[in-house]
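Working through the structure, step by step
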2 protein chains.
Amino acid sequence: MEQKINLDDRFSRFRDTWSPKIVGTLNDYDLKVAKVEGEFVWHAHDETDELLLVHKGRLVIQLEGRDDIVLEPGELFVVPRGVRHCPVADSPTEILLLEPAGTLNTGDATAGGTIGESI
Amino acid sequence: MEQKINLDDRFSRFRDTWSPKIVGTLNDYDLKVAKVEGEFVWHAHDETDELLLVHKGRLVIQLEGRDDIVLEPGELFVVPRGVRHCPVADSPTEILLLEPAGTLNTGDATAGGTIGESI
């Protein structure tokens, strides 16, 4: 039976960074949480937009050919499909992601990515 | 060009309750915000799940045939498709919603619903 999702509780269940965890589903979309710190890899998702919401901390989304987006708690951004981007966080940051199930966190980058495990 | 969405800023742009406003899109989904207070109408969405996240306040989601879900800030719930539900808030509450574009807030209820205007 479906239960509510408390974000603080879900973030307390893991420590690793840049490894999204699935906490729920919305139709064929996965709702994920991730801890991030430092710089990720440049990548794009050619088939889908990606929603990023900051829960705690501060996330800078570097975007190819345009100004960075800086997100603080209570702020979100939808990275349009096909737009190359590279998230970076100067301090431990917690984010919520929403994207179609099966979306690799590394998009088109060649490094091994993950679609996330459920927690 | 896409911009970040600051939830407090978006909630400051309107006062009416039970009237979701579109603040962004994710593929063919609309991201909406709504102010709620009091009780809404019982309804179901037969074609889609519906994600509800509380930004401020406290939302009780009454569900047909099962226990209520009580959401506080930082908590969310996905109402499964087809499940009759009726949200209620005892005090002014701000929520974030995600559902496919064109979803009526009243679902299958006969009262006039809205798909939301953009703010």
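Rules used throughout
Residues numbered from 1 in each chain as written. Chains lettered and ligands numbered in written order. Predicted model: local features only at pLDDT ≥ 70, side-chain atom pairs only at ≥ 80, totals over all residues. Core = buried A, V, L, I, M, F, W, Y, C linked by C-beta atoms within 7 Å. Buried ≥ 20, exposed ≤ 12 C-beta atoms within 10 Å, placed from the backbone. Contact = placed C-beta atoms within 7 Å. Pairing = 2+ DSSP bridges. Helix = DSSP H or I, 4+ residues; strand = E, 2+ residues; numbered from the N terminus. Least-squares fit on C-alpha atoms with pLDDT ≥ 70 in both. Nonpolar A, V, L, I, M, F, W, Y, C, P; charged D, E, K, R; others polar. pLDDT = per-residue confidence, 0-100.

Judged by nonpolar contacts, the single largest core of 50 residues is most densely connected at L52 and I95 of chain A together with L52 and I95 of chain B. Each residue touching I95 of chain B, except ones within four places of it in the same chain, is listed here: A34, V36, L52, L53, V54, H55 and L59 of chain B.

All names here are of chain B. Judged from the five bridges that link them, strand β2 (residues 21-26) and strand β3 (residues 29-39) form a sheet pairing that is antiparallel. Paired with L26 across the strands is Y29, a residue of β3. Joining the antiparallel neighbours β2 and β3 is a turn of two residues, in which N27 adopts a positive phi near 55°. Relative to strand β9 (residues 117-118), β2 runs parallel, the two being bridged by two bridges. Bridged to K21 within β9 is E117.

The next subject is the relation of the copies chain B and chain A. Mapping chain B onto chain A leaves a residual RMSD of 0.0 Å; the transformation is a rotation of 180° accompanied by 0.0 Å of translation along its axis. Taken together, these values place the two copies in the relation of a two-fold axis. Most of the interface of chain B is mirrored in chain A, where 100% of its interface residues again form contacts.

Turning our eyes to something else, we now look at unusual backbone geometry. Unusually for a residue other than glycine, W18 of chain A sits at a positive phi of about 55°. On the secondary structure map, W18 of chain A appears in the loop between α1 (7-11) and β2 (21-26).

A word on the interface of chain B and chain A. Contact residues are listed per partner, giving 24 residues for chain B and 24 residues for chain A. Sorting the residues of the side of chain B that touches chain A by element identifies β1 (5-6), α1 (7-11), β2, β6 (66-71) and β7 (75-79) of chain B as the ones contributing at least two each. Ranked by the residues each element gives to the side of chain B that touches chain A, the list is headed by β7 of chain B, at four residues. Classifying every residue of the side of chain B that touches chain A gives 12 nonpolar, six polar and six charged. Pairing geometry for strand β1 (residues 5-6) of chain A and β7 of chain B, over two bridges, is antiparallel. When the bridges of β7 of chain B are listed, N6 of chain A appears paired with E75 of chain B.

All right, on to the confidence of the model for chain A then. Confidence along chain A averages 94 in pLDDT terms, with 97% of residues attaining 70 or more. Two summary scores accompany this predicted model of the complex, namely pTM at 0.93 and ipTM at 0.93.

On to the pairing of strand β8 (residues 85-100) of chain B. Residues and elements named next belong to chain B. As paired elements, β3 and β8 share 10 bridges and run antiparallel to each other. Within β8, the residue paired with Y29 across the bridge is P100. Across five bridges, strand β4 (residues 50-56) lies against β8 in antiparallel orientation. Bridge pairing in β8 links L53 to L96. When strand β5 (residues 59-63) meets β8, the two strands line up antiparallel, connected through four bridges. Within β8, the residue paired with L63 across the bridge is H85.

Once that is clear, we can look at the environment of Q3 of chain A. Residue placement: Q3 of chain A occurs in the segment before β1. Placed 21 residues apart in sequence, Q3 of chain A and G24 of chain A show a C-alpha to C-alpha distance of 9.4 Å.

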